[in-house]
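# A closer look at the structure
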Amino acid sequence: MVDIASGSAAPARIPATGGASRDAAALHRAIFIGLAALLVVAPFALYPVFLMKVMCFALFAVAFNLLLGYGGLLSFGHAAYFGMASYAAAYAAKVWGFTPELAILLGTFVGGLLGLVFGALAIRRQGIYFSMITLALAQMAFFFCLQAPFTGGEDGIQGVPRGKLFGLIDLSDDRALYVFVAIVFLGALALVYRIIHSPFGQALKAIRDNEPRAISLGYRASQYKLAVFVLSASLAGLAGATKAFVFQLATLTDVHWSMSGEVVLMTLVGGMGTIFGPLVGALVTVTMQNYLAQFGAWVTIIQGVVFVVCVLLFRQGVVGLIAKFIRKPL
Amino acid sequence: MPEALLAERPVPASAAPLLSVDDLEGWYGESHVLHGVGFDVKPGEVVTLLGRNGAGKTTTLRAIIGILGRRRGSVTVKGVEAIAMPSRLIARLGVGYVPEERGIFASLTVAENLTLPPQVKPGGLTLKQIYELFPNLEERAGSQGTKLSGGEQQMLAIGRILRTGAKLLLLDEPTEGLAPVIVEQIGRTLRMLKTEGFTILLVEQNFRFAQTVADRHVVIEQGRVIDTIPNADLDANLGKLKTYLGV
Amino acid sequence: MATLFGVPLQALSGQLLLGLINGSFYAILSLGLAVIFGLLNIINFAHGAQYMMGAFVAWMLLNYAGVGYWPALLIAPVFVGLSGVLLERVLIARLYKLDHLYGLLLTFGVALIVQGLFRNHFGASGLPYAIPAELSGGHRLPFMFLPTYRGWVVVASLAVCLATWLAIEKTKLGAYLRAATENPALVQAFGVNVPLLLTLTYGFGVALAGFAGVLAAPVLSVNPNMGADIIIVVFAVVVIGGMGSILGAIVTGFGLGVVEGLVKVFYPEGSATVIFVIMALVLLVKPAGLFGRTA
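Residues numbered from 1 in each chain as written. Chains lettered and ligands numbered in written order. Predicted model: local features only at pLDDT ≥ 70, side-chain atom pairs only at ≥ 80, totals over all residues. Heavy atoms only, no water.

In terms of helices and strands, chain A carries 13 helices and four strands. Here the C-alpha atoms of chain A give a radius of gyration of 19 Å, agreeing with the 20 Å that 2.2 N^0.38 yields for 330 residues. Reported as C-alpha extents along the three principal axes, the dimensions of chain A are approximately 60 × 45 × 45 Å. In chain A, buried positions account for 56% of the 330 residues. Considering only contacts within chain A whose residues lie at least 6 apart along the sequence, 78% involve residues at least 24 apart. Approximately 13,300 Å² of chain A is accessible, and the part contributed by carbon and sulfur atoms is 67%. (Helix = DSSP H or I, 4+ residues; strand = E, 2+ residues; numbered from the N terminus. Rg over C-alpha atoms; globule rule 2.2 N^0.38 Å. Buried < 20%, exposed > 50% of the residue type's maximum accessible area, 1.4 Å probe, protein only. Contact = heavy atoms within 4.5 Å. Areas by Shrake-Rupley, 256 points an atom, 1.4 Å probe, with all protein chains shown as cover.)

We now examine helix 3 (residues 79-94) of chain A. Helix length check: helix 3 of chain A (16 residues) gives 22 Å between terminal C-alpha atoms against 22 Å at 1.5 Å per residue, within 8%. Most of helix 3 of chain A sits out of view: 14 of its 16 residues are buried. (Expected span 1.5 Å × (residues − 1).)

A separate point is the pairing of strand 8 (residues 199-203) of chain B. Residue and element names in this part refer to chain B. For strand 8, a buried count of five out of five residues is recorded, marking the element as mostly surrounded by other parts of the structure. What you see with strand 8 is no split at all: Thr199, Leu201 and Val203 on one side and Ile200 and Leu202 on the other are buried throughout. In the sheet, strand 3 (residues 46-50) pairs with strand 8 via four bridges, with the strands oriented parallel. Each residue of the ladder has a partner; that of Thr48, found in strand 8, is Leu202. Pairing geometry for strand 7 (residues 168-172) and strand 8, over five bridges, is parallel. Opposite Leu170, over in strand 8, you have Leu201 as the bridge partner. (Pairing = 2+ DSSP bridges.)

Attention now moves to the confidence of the model for chain A. Here chain A averages 88 in pLDDT, and 94% of its residues register 70 or above. Within the model, pLDDT remains below 50 along residues 1-19 of chain A, and this stretch shows 48 contacts once partners closer than five positions in the same chain are excluded. (pLDDT = per-residue confidence, 0-100.)

Evaluation of the coordinates by the stated rule reveals 31 aromatic pairs over all chains. Ring geometry for Trp257 of chain A and Phe108 of chain C: centres 6.2 Å apart, planes at 85°, overall edge-to-face. Placement of the pair is Trp257 of chain A in helix 10 (residues 257-270) and Phe108 of chain C in helix 4 (residues 100-122), with the two residues belonging to separate chains. Classification of Phe108 of chain C by relative accessible area gives buried; the value is 2%. An aromatic cluster of three or more residues is present, and its members are Phe76, Trp257 and Phe307 of chain A together with Phe45, Phe108 and Phe235 of chain C. When the ring centre of Tyr129 of chain A is taken as origin, the NZ or CZ atom of Arg125 of chain A, which lies over that ring, is 3.7 Å away. Above the face of the Tyr102 of chain C ring, Arg315 of chain A is positioned so that its terminal group lies 5.7 Å from the ring centre. (Phe/Tyr/Trp six-rings, centres within 6.5 Å; stacked < 30°, edge-to-face > 60°. Lys NZ or Arg CZ within 6 Å of the ring centre and 35° of its normal.)

Moving on, we get to a nonpolar patch on the surface. Residue and element names in this part refer to chain C. Judged by side-chain polarity, Leu158, Leu162, Leu247, Val251, Leu290 and Phe291 come together as a nonpolar surface patch covering roughly 500 Å² of accessible area. Only helix 5 (148-170) and helix 10 (246-266) provide two or more residues apiece to the nonpolar patch. Checked against the element boundaries, Leu290 lands in the segment after helix 11 (274-285). (Patch = residues over 30% accessible without salt bridge, like charges linked within 9 Å, V, L, I, M, F, W, Y side chains within 5 Å. Salt bridge = Lys/Arg side-chain N within 4 Å of Asp/Glu carboxyl O.)

To continue, consider the interface of chain C and chain A. Facing the 54 residues of chain C at the interface are 47 residues of chain A. The junction of chain C with chain A conceals about 4,600 Å² of combined surface from both sides, 79% of it contributed by carbon and sulfur atoms. Taken together, chain C and chain A are joined by zero salt bridges. Put simply, the parts of the chain that give the side of chain C that touches chain A at least two residues each are helix 4, helix 7 (184-189), helix 8 (194-216), helix 9 (226-241) and helix 11 of chain C. Ranked by residues supplied to the side of chain C that touches chain A, first place goes to helix 4 of chain C with 16 residues. (Buried area = accessible area lost by both parts, 1.4 Å probe.)

Once that is clear, we can look at empty space enclosed by the protein. The tally for this structure, following the rule as stated, stands at five cavities of 30 Å³ or more. Around the largest cavity sit Trp257 of chain A together with Phe45, Gly48, Ala49, Phe108, Ala111, Leu112, Gln115, Gly227, Ala228, Ile231 and Ile232 of chain C, which together line it. Only helix 2 (47-65), helix 4 and helix 9 of chain C provide two or more residues apiece to the lining of the largest cavity. Here the lining of the largest cavity is built from residues that sort into nine nonpolar, three polar and no charged. (1 Å grid on protein atoms, 1.4 Å probe; cavity = no way out; pocket = protein on both sides within 12 Å on 5 of 7 lines; lining within 4 Å. Points joined across faces, edges and corners; volume = space filled by probe spheres on them. Nonpolar A, V, L, I, M, F, W, Y, C, P; charged D, E, K, R; others polar.)

The subject of this paragraph is the packing of helix 1 (residues 9-40) of chain C against helix 10 of chain C. Residues and elements named next belong to chain C. Closest axis-to-axis distance for the helix 1/helix 10 pair is 6 Å, and the angle between their directions is 150°. Between helix 1 and helix 10, the angle falls in the class roughly antiparallel. Where helix 1 crosses over helix 10, the handedness of that crossing is right-handed. For the contact of helix 1 with helix 10, the residue count by class is 16 nonpolar, nine polar and two charged. (Axes fitted to C-alpha atoms, helices over the stretch in contact; angles between N-to-C directions. Parallel < 35°, antiparallel > 145°, perpendicular 65-115°, else oblique. Left-handed = near helix turned anticlockwise from the far one by under 90°.)

Of all hydrophobic cores here, the largest spans 296 residues; its most connected members are Leu19, Phe39 and Leu201 of chain B together with Leu105 and Leu215 of chain C. With 18 residues, helix 2 (residues 48-70) of chain A is the largest single contributor of residues to this core. Residues within four places of Leu201 of chain B in sequence aside, it is in contact with Leu19, Phe39, Val41, Val47, Leu49, Leu61, Ile64, Leu169, Leu170 and Leu171 of chain B. Listed in part, the 10 residues of the second largest apolar core include Phe207, Ile229, Leu234 and Leu238 of chain B. (Core = buried A, V, L, I, M, F, W, Y, C linked by side-chain atoms within 4.5 Å.)

With that settled, the discussion passes to the confidence of the model for chain B. Reading predicted coordinates in detail is not appropriate for stretches of low pLDDT. Averaged over every residue, the pLDDT of chain B is 90; residues scoring 70 or more account for 94%. Counted against residues more than four places away or in other chains, residues 1-9 of chain B, with its pLDDT under 50, gives 15 contacts.

Turning next to the layout of surface pockets. Computed from the structure, the second largest pocket encloses a volume of approximately 750 Å³. Residue lining of the second largest pocket: 30 residues in total, with Thr253, His256, Ser258, Met259 and Glu262 of chain A positioned closest to the centre. The set of elements that each furnish at least two residues to the lining of the second largest pocket consists of helix 2, helix 5 (127-147), helix 9 (221-247), helix 10 and helix 12 (298-313) of chain A together with helix 4 and helix 9 of chain C. Looking at which element gives the most residues to the lining of the second largest pocket, the answer is helix 10 of chain A, with five residues.

Residue and element names in this part refer to chain B. Here we have four strands laid out as an open sheet, ordered 2-1-4-5, and antiparallel in their pairing. Among the strands making up the open sheet, the edge pair consists of strand 2 (31-41) and strand 5 (80-81). In this structure, strand 1 (residues 19-28) lies alongside strand 2, joined through eight bridges in antiparallel fashion. Each bridged residue has a counterpart across the sheet, and for Val21 the counterpart in strand 2 is Phe39. Here helix 2 (residues 57-65) sits on the sheet in contact with strand 1, strand 2 and strand 4 (70-77), set at roughly 75° to strand 2.

Now for the pattern of salt bridges. Residues and elements named next belong to chain B. If you walk through the whole model with that rule in mind, you get 15 salt bridges over all chains. The shortest N-O distance in the salt bridge between Arg72 and Glu25 comes to 3.3 Å. One end of the pair, Arg72, is in strand 4; the other, Glu25, is in strand 1, with 47 residues separating them in the sequence. Here Arg72 falls in the partly exposed class, since its relative accessible area comes to 45%. Salt-bridge contacts for Lys194 lead to Asp215; the nearest nitrogen and oxygen are separated by 2.8 Å. A residue pair is termed long-range when its members are at least 10 positions apart, and Lys194 in helix 8 (residues 180-195) and Asp215 in the loop between helix 9 (207-213) and strand 9 (216-221) qualify at 21 residues. Given the relative accessible area of 13%, Asp215 is considered buried.

This paragraph deals with the pairing of strand 9 of chain B. Residues and elements named next belong to chain B. Strand 9 sits mainly inside the fold: five of its six residues count as buried. Alignment of strand 3 against strand 9, held across four bridges, turns out to be parallel. Each residue of the ladder has a partner; that of Thr48, found in strand 9, is His217. In this structure, strand 9 lies alongside strand 10 (residues 224-230), joined through six bridges in antiparallel fashion. Residue pairing in the sheet places Ile220 in a bridge with Val225 of strand 10.

To continue, consider helix 2 of chain C. All names here are of chain C. With 19 residues, helix 2 should cover 27 Å at 1.5 Å per step; its first-to-last C-alpha distance of 26 Å lies within 8% of that length. Taken across its 19 residues, helix 2 has 14 buried, putting it largely inside the fold. Directly beyond the C-terminal end of helix 2, a positive phi value near 65° is found at Gly66.

Next up on the list: the environment of Arg220 of chain A. Residues and elements named next belong to chain A. Tracing the backbone through its elements, the reader meets Arg220 in the loop between helix 8 (211-216) and helix 9. For Arg220, a relative accessible area of 56% gives the class exposed. Along the primary structure Arg220 and Met272 are separated by 52 residues, whereas in three dimensions their C-alpha atoms are 24 Å apart.

Put into structure tokens, the structure is as follows:
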């Protein structure tokens, strides 16, 4: 029987971790250390470029999940911040000769600034409308990149020099770049972890769970929403800018709506509102793409199937399920 | 009060119940609201559910018609077990429902509101008869449903289920927030419906009004039936009832 | 030759007509989205893919079965509508108790699957679909040359939009739909089969998309990506108009098509983004949308 008395039934929540107990914090610390150790040994078994790709997308998904999982806001246009930052960093490095760290900072700033403008518009509506607005604004950014003179149109910006970090360390060596990307990745992940467990993060969760009540408690909900939107867009920008150096490339693919869909998929597969879910989701999705790249449109079809299966049967994602099983937030 | 005499026309005690509620439990989301409600309503009877705010009267009605998220126990209509049925099939057993807040649709005209509920049994009132009963509705037939006054909206909410042929009516606080003269008119309508053979289960806060229409009063507290008072004994039990209701 | 603001009238009216045609598609698609959202509380991301399906079904009918444009105009929407009925029954109906965003994610996945399947089979380049003989050629009007088919698209779209509006506002079934949009539980408690109503509404909404797809086939080429491109614009249209009003969706759709056409004449670079810019402006001035009720 289909119960459509949805007005009275409480809608299912996005699964989310509660406040981390001391117990859970110890577990999380162990996972962080394990992750760092894994990143040290992984290049001996896997291609560094593949690992860097995974890290860039994992960071992108972590940024997206900060907004969805903890802010309760489903952005369907996160490619805009990722892609625009990628263009900005690539252009700054190639044309202006910026060093990598400055170019990446610029990209992060561009992502955040765009997030400030788009976010301020999008939070004027809620729920489904919010998603449609973010998608439409991102499409505007896509057309801008398609037409703007400095993005290289269909070709994108190619041959981005990796340059020397702080003018000293040559990143054209994959191993050096790998270390740099790994540090950026772990640093950003730790930052997000701090944010989630800060008073700001607690307020966000309160707003996500019951916005009217949070407002009546004195929280300025829209300011919190905008702040987390800008944070998320900045981190997406950081991911996009870093990616431009890994592949020495910024293209329209990075700003396309399908990229926005991919980051949603990564987060959904890994587990919305979990700390480590987006990492797992990114690993699964990037691996899947690598193996399926030769089959053309099958990638899209399989991504679609994964979406459908996740929504119907598997809403907690991989890490969400594990967290439920061990009864600790992850 | 001559109408009160009319309302006390006895119902044969032997008749099989039209509505039988037994050990009914119900939930709003996580919170358990009904804890084994049980009572019967016989054909032609008018029964009120009395109780304080939040006692579970409205929830009982919602559980009977099947729009409560989760319920358990037994609800039979004319001997048919309805606990597992979706509400549309319960309605088709011949049950008409007037919700709290009346449920008039803003995007429908008065006439559309009136003809919205489909016929569930033969023998409902015709549109003409309803307009005779509530002449205001005919005058305002083309207006937006929610543009009516509160009293007119209540007449519309009652009128539209009289068309369906339902003989068991569930009315949730039909007098709430209405002027005394309108309450009078609704009282007359309910007594008329009783003489026409309708069976009515009524949720009321106002036991003075309930006294003018009902055969029996079922008192609910904290999701359970705690007492049943025949209307004839109401005055004798006034003290007890006032304690129940906290008035 | 007559000009307006330095633009030849001929070119201006040509772009206006193209704008009206795009507006027709926006109107039909946003109408379907609004009807579905109103009752099911789901944003149907697959709407663009279903529009594309309509065009492809028409193309396949013609090329595999020799069935021409006129029967396709009926058969393709029915086919797309039935596929929608199946989709609603099998997948979407499981989501009504959940947060609305899951509906968006599910239908996004369905859109990816449908687009991928068609791209796999037909490739990403467009397939031609000829204008039916009865509607080829055109009329020389005093100020412009009017291709008959383009005129037909506008007229047919207007007719379908108005018929839909009448069906919703003036019929018994429409009254059920309006009432259930307001309070589905109560309509169900009156004995109406609301789950069936949901299924039919979804089927009808996507059949509209299929109809637009058939109309579009001879104007645009039949292409697996045609739906993805348009659906995002239609989302913006829906945000601008607000989904509270059927007539509002129709007016906004046609209006924005015309605006887009005008921008194509006076500032071609802005034509791809003008609707998004308007959306941003509307959000600043009237967040609920032009015809929206405040949430």
